[in-house]
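Survey of secondary and tertiary structure
Single-letter residue listing:
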Amino acid sequence: MSTKRPDVLVQPPSPLTALTLAEMHVRRWTLKATCNRCALKLRASLPALIRTHGPDAVWWGRAPRCPGFECGGGVLTYAAQALRGGSWVAMNQAPGQLAMAAYRSRNPTYAGPRDP
Ligand SMILES: [Zn+2]
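Reading the values: rules and limits
- Residues numbered from 1 in each chain as written.
- Predicted model: local features only at pLDDT ≥ 70, side-chain atom pairs only at ≥ 80, totals over all residues.
- Pairing = 2+ DSSP bridges.
- Helix = DSSP H or I, 4+ residues; strand = E, 2+ residues; numbered from the N terminus.
- Axes fitted to C-alpha atoms, helices over the stretch in contact; angles between N-to-C directions.
- Buried ≥ 20, exposed ≤ 12 C-beta atoms within 10 Å, placed from the backbone.

The next point concerns the sheet that holds strand β4 (residues 88-90). In space, the four strands of this open sheet follow the order β2-β1-β3-β4, with antiparallel pairing throughout. The open sheet has two edge strands, β2 (41-44) and β4, and neither has a second partner. Strand-to-strand twist of the sheet, defined as the mean angle between neighbouring strand axes without regard to direction, takes the value 30°.

Here strand β3 (residues 76-81) shows one buried face, formed by L76, Y78 and A80, and one open face, formed by T77, A79 and Q81. The pairing of strand β1 (residues 30-35) with β3 spans six bridges and is antiparallel. When the bridges of β3 are listed, C35 appears paired with L76. Where β3 meets β4, three bridges bridge the pair, whose relative direction is antiparallel. Counterpart to Q81 in the pairing with β4 is W88.

It is worth spelling out the pairing of β1 at this point. Relative to β2, β1 runs antiparallel, the two being bridged by four bridges. Looking at β2, one finds that T34 is bridged to K41. Between the end of β1 and the start of β2, which pair antiparallel, lie five residues.

In structure tokens, the structure reads:
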């Protein structure tokens, strides 16, 4: 029987390892959205988000309006999981300078993620 824990097998999500929607999709992260007003909980589809917002959209620090039909002005907060059973990491912090620098070092020929 394996004693390996998911957080040991795959590092929990961090803006240092994946900044954009495309990077999170490549790493097969799971995203969930939770509303701060109503009970809405959504599994976010990365391919759908990429189609809507583009692969270079940065999802850290995002707080879009809740789409719930009976929700009055709720805001969604996102969390990411790198592997089933691994830790959920809140994505409510916008990426810092370190995360942007890490992204540029992974993508030296690229001008940087666009501000959506
Ligand atoms: Zn809501």
